[in-house]
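Here's the letter readout for the chains.
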Amino acid sequence: SCGPRRVLRHNPTSMRVFSGIQPTGRKHLGNYIGAIRQYVVSQERAVQAGDEAIFCIVDLHATTVAYDPPVLRERLYDTAAVLLAAGLDPDRCILFRQGDVPEHTELSWLLSAVTAHGDLNRMHQFKEKSAQQRELISAGLFFYPVLMAADVLAYRAGEVPVGDDQRQHIELMRDIAERFNARFGEGLLVVPEGRIPEVGARIMDLQEPTRKMSTTVGTDEGRVYVLDEAKVVEKKIKRAVTDSEDPPRIAFDPEGKPGVSNLLEILAVCRGTRVGEAVASLADARGYGDLKAATADAVNAELGPVRERYAELRADEDALEATLAAGADRAREIAAPVLADVRAAMGVGPAVRQRA
Ligand code: TRP
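Everything numeric here is computed off the predicted structure, so don't read it as measured data. Within every chain, residues take consecutive numbers counted from 1 along the sequence as written. In keeping with the model being predicted, local features are shown solely for residues with a pLDDT of at least 70 and side-chain atom pairs are shown and tallied solely at 80 or more, while totals for entire chains, interfaces and linings include all residues. Hydrogens and water are ignored here; the side-chain numbers use all heavy atoms of the structure.

A.B. asks: Explain the overall build of the protein to me, please; I cannot follow it from the model alone.
C.D. replies: Secondary structure elements are taken from DSSP: a helix is a run of H or I of four residues or more, a strand is a run of E of two residues or more, and numbering for both begins at the N terminus. Check the secondary structure of the protein and you find 13 helices and five strands. The reference for a compact globule is 2.2 Å times residues^0.38; the radius of gyration itself is calculated from the C-alpha atoms. The C-alpha radius of gyration computed for the protein amounts to 22 Å, which stays within 12% of the reference 21 Å derived for 356 residues, consistent with globular compactness. Only protein chains enter the accessibility calculation, which uses a 1.4 Å probe; a residue whose area is less than 20% of its type maximum is buried, one above 50% is exposed, and one in between is partly exposed. Counting the 356 residues in the protein, one finds 50% classified as buried. Whether two residues touch is decided by their heavy atoms; if any such pair falls within 4.5 Å, the residues are in contact. Counting contacts in the protein only where the partners sit at least 6 residues apart, residues at least 24 apart contribute 75% of the total. Note on areas: these come from Shrake-Rupley sampling with a 1.4 Å probe, and a residue is covered only by the protein chains present in the view. By element, 50% of the accessible surface of the protein is carried by carbon and sulfur atoms, the whole surface being about 17,200 Å². Only four residue types enter the charge count: Lys and Arg as positive, Asp and Glu as negative, with His and the chain ends excluded. To locate a charge, take atom NZ for lysine, CZ for arginine, CG for aspartate or CD for glutamate. Between the averaged position of the 45 positive side-chain charges in the protein and that of its 52 negative side-chain charges there is a distance of 3 Å.

Here you go:
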């Protein structure tokens with residue numbers, strides 16, 4: 001058939017998954033554990049439930065701070081290759097580039113009608129990122145959360161796997177969806193839920209374990225990159241800051257023992273066990289050196305295969321482009337009818353005759 005099919009009004013327990021990832025910086029262990037790993041889990045859950053898992057590399061969000069266009073394109077390929085290497089499978093999910101699907105930008109404008117300026121002003125991420133800008137605080141940086149809301153709402157996604165730092169953005173997109181539905185028609189948009197992992201949502205900097213591992217703050221010693229060589233991973237983890245409790249005590253206590261607790265959390269996630277089991281496995285340890293060795297091994301066991309697959313995938317940019325283009329086609333098939341509903345409900349554009 002030609003033209004978009006009318007989409008049924010939403011199923012309130014939608015298992016459709018959507019998440020977005022910035023194509024900036026080198027991806028580190030915090031990104032990997034907090035987000036990328038969750039994507040792969042979500043992909044499987046969505047497939048099981050017979051729904052779609054949709055992952056978007058958000059190049060348009062990356063233009064809201066100072067950046068270099070050729071570098072953006074490089075990082076976009078880097079990010080696509082990392083996601084595929086980590087286990088996203090174009091046969092089991094939709095992976096695409098935000099800028100390829102104009103429905104996102106159109107919907108962000110339409111949603112601005114039900115977005116409170118005051119709410120945008122309260123966004124922590126805007127405050128933090130605007131403080132870092134030297135030349136210009138772009139209006140795009142202020143508007144960022146509306147585009148993010150549009151990313152998710154354009155697909156009527158029910159679940160949004162994200163790291164802990166995205167809570168406020170998720171709350172805002174829920175408010176926007178609720179206000180939109182109240183104003184223009186109940187059930188038009190799905191009010192999504194954030195899915196924030198209980199363990200691993202906040203991986204801390206290895207050198208300053210009271211601060212989150214971050215692309216922009218801290219030094220390279222404090223973060224393990226997904227693509228660091230095994231030896232580098234080992235070195236960074238061996239030098240991780242712990243504490244001087246005497247005798248050393250391997251216990252999970254993020255307040256009192258942030259460095260040790262961070263390593264335990266990394267160890268548990270990479271082994272796929274609970275933190276309690278990680279602690280128990282170190283009952284005979286002689287000190288923090290054993291904890292660090294175990295953690296480095298677990299991280300390398302997890303990241304080793306990702307690094308190998310990455311090298312192959314990253315080398316073929318044409319193949320990456322083809323994957324992204326196919327993903328964008330599938331994304332538009334879902335988003336276009338949602339946009340048609342939104343435009344119609346808002347009275348934008350000509351009246352649409354109901355299809356039979
Ligand atoms: N703001 C998110 C981050 O910095 C990235 C993002 C953009 C996103 N659009 C999204 C996440 C939609 C989830 C859903 O990590």
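A.B. asks: What's the story with the state of the cysteines in this structure? I'm lost.
C.D. replies: Each disulfide is one covalent bond, formed between the sulfur atoms of two cysteines. Here, a disulfide means two cysteine sulfur atoms that sit within 2.5 Å of each other. What the rule picks out here adds up to zero disulfides. Looking at C56, it has no disulfide partner, and the nearest cysteine sulfur is the one in C93, 12 Å off.

A.B. asks: How do you make sense of the site of the ligand when you look at a structure like this?
C.D. replies: Residues in contact with the ligand amount to 13 residues; listed here are only the nearest, G20, Y144, M148, D151 and Q166. Each polar contact in these results corresponds to two N or O atoms within 3.5 Å; when the atoms are within protein, one needs to be able to donate a hydrogen and the other to accept it, and residues that are neighboring in sequence are counted only if both atoms are side-chain atoms. In this structure, a nitrogen atom belonging to the ligand sits 2.7 Å away from a side-chain N or O atom of Y144. At a separation of 2.7 Å, a nitrogen atom of the ligand approaches a polar side-chain atom of D151. Surface burial for the ligand is 90%, taken as the share of its 360 Å² of free accessible area covered by protein chains. Residues are classed as near a molecule or strand on a simple rule: at least one heavy atom within 4 Å of it.

A.B. asks: Would you explain the pairing of strand β2 (residues 53–57) in this entry?
C.D. replies: Regular strands have side chains that alternate between both faces of the sheet. By the criterion of burial, β2 is predominantly enclosed, with five of the five residues buried. Here β2 shows no split at all, with A53, F55 and I57 on one side and I54 and C56 on the other all buried. When DSSP locates at least two bridges between a pair of strands, those strands are taken to pair. Strand direction decides the pairing type here: strand β1 (residues 17–21) and β2, joined by five bridges, are parallel. Pairing of I21 across the sheet is with I57, part of β2. By definition, the crossover connecting two strands over a helix is right-handed if that path, from the first strand to the second, turns clockwise as seen with the strands pointing away from the viewer. Note that the unit made of β1, helix α1 (residues 29–48) and β2 has a crossover that is right-handed.

A.B. asks: Sorry if this is basic, but what is going on with the pairing of strand β3 (residues 94–97) here?
C.D. replies: Alternating residues of β3 divide into I94 and F96 and L95 and R97, and every residue in both groups is buried. One ladder, built from four bridges, connects β2 with β3; its direction is parallel. From the neighbouring strand, C56 faces β3, where its bridge partner is F96.

A.B. asks: Would you take a moment to explain a negative patch on the surface for this structure?
C.D. replies: Like charges are joined within 9 Å and nonpolar side chains (Val, Leu, Ile, Met, Phe, Trp, Tyr) within 5 Å, but only among residues with over 30% relative accessible area and no salt bridge; these make up the patches. Each reported salt bridge corresponds to a side-chain nitrogen of Lys or Arg within 4 Å of a carboxyl oxygen of Asp or Glu. Residues E171, D175, E178 and E186 make up a contiguous surface patch of negative charge. Position of D175 among the secondary structure elements: in helix α8 (residues 167–184). With relative accessibility at 31%, the residue D175 sits in the partly exposed group.

A.B. asks: I would appreciate a short explanation of helix α13 (residues 317–346) in the present structure.
C.D. replies: For an α-helix, 3.6 residues make a turn, and residues three or four places apart therefore share a direction. Given a helix with a known number of residues, its expected span is that number minus one, times 1.5 Å. Compared with the 44 Å implied by 1.5 Å per residue over 30 residues, the 40 Å span of α13 between its first and last C-alpha is a close match. The sharpest bend along α13 measures roughly 30° and falls at R332. Just beyond α13, the residue with positive phi is G347, at close to 75°. For a residue, the bend is simply the angle between two axes, fitted respectively to the seven-residue segment ending there and the seven-residue segment starting there.

A.B. asks: Even after reading the chapter, I still don't get the packing of aromatic side chains, so can you show me in this structure?
C.D. replies: The description of two aromatic rings rests on the distance between their centres and on the angle between their planes. Only Phe, Tyr and Trp rings take part, Trp by its six-membered ring, and two of them pair if their centres are within 6.5 Å. Stacked means planes under 30 degrees apart, edge-to-face means over 60, and tilted covers everything else. Per the stated rule, a full pass over the model turns up five aromatic pairs. Ring centres of F180 and F184 lie 5.0 Å apart, and the angle between their planes is 50°; this geometry places the pair in the tilted category. Highlighted residues: F180 and F184, both in helix α8, separated by four residues, approximately one helical turn. Positioned above the aromatic ring of Y225, the side-chain terminus of R26 is 3.8 Å from the ring centre. Look at NZ for Lys and CZ for Arg. If either is within 6 Å of the ring centre and within 35 degrees of the ring normal, a charge sits over the ring.

A.B. asks: What am I meant to see in unusual backbone geometry here?
C.D. replies: One can expect most non-glycine residues to show negative phi and most peptide bonds to be in trans. A cis amide bond links D246 with the next residue in sequence, P247, at an omega value of 0°. Within the secondary structure layout, P247 lies in the loop between α9 (230–238) and α10 (258–271). In this structure, R156 is a non-glycine residue whose phi angle is positive, near 50°. Looking at the element boundaries, R156 is found in the loop between α7 (139–153) and β4 (159–161).

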